[in-house]
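In case you want the letters, here they are:
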2 protein chains.
Amino acid sequence: MSLRHALLGLLVDAPASGYDLMKRFDTSLANVWPATQSQVYGELTRLAAAGLLEVAAEGPRGRKEYALTDEGFAELRRWLVDTQPEPPRRSDTLLRVFFLGVLDREQALAYLAGMAERAAGEHGALEELEQSIDWGEGGMLSTNGRLALEFGLRFSAMREEWARWAVQQVEQQR
Amino acid sequence: MSLRHALLGLLVDAPASGYDLMKRFDTSLANVWPATQSQVYGELTRLAAAGLLEVAAEGPRGRKEYALTDEGFAELRRWLVDTQPEPPRRSDTLLRVFFLGVLDREQALAYLAGMAERAAGEHGALEELEQSIDWGEGGMLSTNGRLALEFGLRFSAMREEWARWAVQQVEQQR
DNA sequence: TGTTTCATGTAAGACGTTACATGATTGG
DNA sequence: CCAATCATGTAACGTCTTACATGAAACA
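Computed from a predicted model, the values in this text were never measured in an experiment.

**What to know about the side chain of Ser17(B)**
Residues and elements named next belong to chain B.
Argument step 1. Structurally, serine 17 is set in the loop between helix 1 (2–10) and helix 2 (18–29).
Argument step 2. Judged by relative accessible area, serine 17 falls into the buried class, the value being 4%.
Argument step 3. Only 3.2 Å separates the side chain of serine 17 from the side chain of arginine 63, close enough to count as a polar contact.
Argument step 4. When residues no more than four places from it in sequence are discounted, the contact partners of serine 17 are Arg63, Lys64 and Glu65.

**Some thoughts on the nonpolar core**
In a soluble, globular protein the nonpolar side chains are often hidden away together inside.
Argument step 1. Among the nonpolar cores identified, the biggest contains 97 residues, and Phe25(A), Trp162(A), Phe25(B) and Trp162(B) are the most heavily contacted of them.
Argument step 2. When residues in this core are grouped by element, the largest group, eleven residues, is from helix 7 (residues 140–172) of chain A.
Argument step 3. Contacts of Trp162(A), omitting those with residues within four sequence positions, involve Leu94(A), Val97(A), Leu112(A), Met115(A), Leu147(B), Glu150(B), Phe151(B) and Arg154(B).

**Thoughts on the protein's contact with DNA strand D**
Argument step 1. DNA strand D sits among 18 residues. The nearest are Tyr19(A), Gln37(A), Tyr41(A), Lys64(A) and Gln39(B).
Argument step 2. Here the atoms of DNA strand D within 4 Å of the protein split so that 66% fall in sugar or phosphate, with bases taking the remainder.
Argument step 3. In the model, a phosphate oxygen of DNA strand D is placed 2.6 Å from a nitrogen or oxygen of the Tyr19(A) side chain.
Argument step 4. Broken down by secondary-structure element, the contributors of at least two residues to the surface near DNA strand D are helix 2 (18–29) and helix 3 (37–49) of chain A together with helix 3 (37–49) of chain B.

**Concerning the interface of chain A and chain B**
Argument step 1. If you look at the interface, chain A gives 63 residues, while chain B gives 63 residues.
Argument step 2. Approximately 6,300 Å² of surface area, both sides summed, lies buried where chain A meets chain B, with 72% of it carried by carbon and sulfur atoms.
Argument step 3. Contact with chain B buries surface across chain A, with Phe98(A), Phe99(A) and Phe151(A) losing the most and accounting together for 13% of the total.
Argument step 4. On the surface where chain A and chain B come into contact, there are zero salt bridges.
Argument step 5. Applying the counting rule to chain A against chain B returns 16 residue pairs in polar contact (both at pLDDT 80 or more).
Argument step 6. At the level of secondary structure, the elements contributing two or more residues to the side of chain A that touches chain B comprise helix 1 (2–10), helix 2, helix 4 (70–82), helix 5 (92–98), helix 6 (105–132) and helix 7 of chain A.
Argument step 7. A class-by-class count of the residues in the side of chain A that touches chain B yields 35 nonpolar, 17 polar and eleven charged.

**Re the protein's contact with DNA strand C**
Argument step 1. In the vicinity of DNA strand C, 18 residues are found, and the nearest of them are Met1(A), Gln39(A), Gln37(B), Tyr41(B) and Lys64(B).
Argument step 2. Put simply, 66% of the atoms of DNA strand C that lie within 4 Å of the protein are in sugar or phosphate.
Argument step 3. Here a base oxygen of DNA strand C sits 2.7 Å away from a polar atom, N or O, in the side chain of Ser38(A).
Argument step 4. Here a phosphate oxygen of DNA strand C and a backbone polar atom of Gly18(B) are 3.4 Å apart.
Argument step 5. Secondary structure elements with two or more residues in the surface near DNA strand C: helix 3 of chain A together with helix 2 and helix 3 of chain B.
Argument step 6. It is helix 3 of chain B that provides the largest number of residues to the surface near DNA strand C, a total of three residues.

**Considerations on the packing of aromatic side chains**
Argument step 1. If you walk through the whole model with that rule in mind, you get five aromatic pairs over all chains.
Argument step 2. Plain terms: the ring middles of Phe151(A) and Phe155(A) are 6.2 Å apart, the flat faces sit at 55 degrees to each other, and that makes the pair tilted. Taken together, the positions of Phe151(A) and Phe155(A), both in helix 7 and four residues apart, correspond to about one turn of that helix. The same class applies to Phe151(A) and to Phe155(A), which are both buried.
Argument step 3. A ring pair is formed by Phe151(A) and Trp162(B), whose centres lie 5.2 Å apart and whose planes are at 85 degrees; its orientation type is edge-to-face. Of this pair, Phe151(A) sits in helix 7 while Trp162(B) sits in helix 7 (residues 140–172), which puts the two residues in different chains.
Argument step 4. Under the relative-accessibility criterion, Phe151(A) is labelled buried at 9%.
Argument step 5. In this structure Trp162(B) comes out as buried when scored by relative accessible area, which is 0%.

Thresholds, definitions, all that
Residues numbered from 1 in each chain as written. Chains lettered and ligands numbered in written order. Predicted model: local features only at pLDDT ≥ 70, side-chain atom pairs only at ≥ 80, totals over all residues. Heavy atoms only, no water. Helix = DSSP H or I, 4+ residues; strand = E, 2+ residues; numbered from the N terminus. Buried < 20%, exposed > 50% of the residue type's maximum accessible area, 1.4 Å probe, protein only. Polar contact = N/O pair within 3.5 Å; in protein donor to acceptor, adjacent residues only side chain to side chain. Contact = heavy atoms within 4.5 Å. Core = buried A, V, L, I, M, F, W, Y, C linked by side-chain atoms within 4.5 Å. Near = heavy atom within 4 Å. Buried area = accessible area lost by both parts, 1.4 Å probe. Salt bridge = Lys/Arg side-chain N within 4 Å of Asp/Glu carboxyl O. Nonpolar A, V, L, I, M, F, W, Y, C, P; charged D, E, K, R; others polar. Phe/Tyr/Trp six-rings, centres within 6.5 Å; stacked < 30°, edge-to-face > 60°.

Nothing here speaks to function; it is geometry throughout.
If you want it as structure tokens, here you go:
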């Protein structure tokens, strides 16, 4: 149920419409919690019905600007303080590693080399992202987004190193 | 659709019933692709209907032993060779990091410290797992499971280091 | 005989994706 | 006037979780 809290969090700094929120998702949260348009609109309706958001203003083209209510803010804090994050439990990438034995050695090595490449590519993409963001403006999202970005940089580096190590392991077998 | 391929992969070495497969999931794949009983039985039926598995034997209590067909084996290889793994895109843990600004400093630090602790705990659990597994017996799963385990060890270590670094960052703010 | 283990299945509900559908407003 | 952008909503479908339901066989 984290989409709920992602929306609440994005509304802390300023009210916004569903359309605005989609853009905020695509820019700031794209790498940690992507959401589709249809999901966002549906959840906003439900959040408003539950009293965690309210329609603060209406604009042209049926635009509805949602604002956080006190209950919404309280719920966001409750989520952060009282509930444990759930780590992702599934990894398509690692599942495949278990079954590498059905391939011949060359194919298995190609798979692991591919992992290394993709990790390196992601590392590069994150470095570019770091350059492109205007960190100066401050605000909660950019301050803490920076921490998240560093996580991504370290994670992609770790994956690349692991994949290169795994290549060596497979090469040394037999 | 990776559950499909997880089941095919687990059936490479030997035929098994849904019940057996659940146990294999819980032991070998628990950390990369957990599955529930109801999911497994449903998918086995669909895989057999699609001709990727066949009921090789029936036993007491309605037991059905499934075996990989040639098409099933081909599909497993096709998946490994021709399709790209999808990395997980959502991280509850990192989503929360974005919103740490709504908490006061002590609470934010407590959250990050909690991340470090959980990562350290997972690292310890994986080390114990490494000890407890009988690596000698060989077989595809244990050989490659070892690679996956090393990934887990590196990943949990990385997370702990990142969380400790993030604590410092937050402490140094202002 | 009674408990544990083996064994399979169904149903309801949450969440996510893709696609479809509609239309107002702005700007060139 | 035409295209792009703004703006919201619905429907179908697939996956995963939780819970319910049932019963045979082994074993003590």
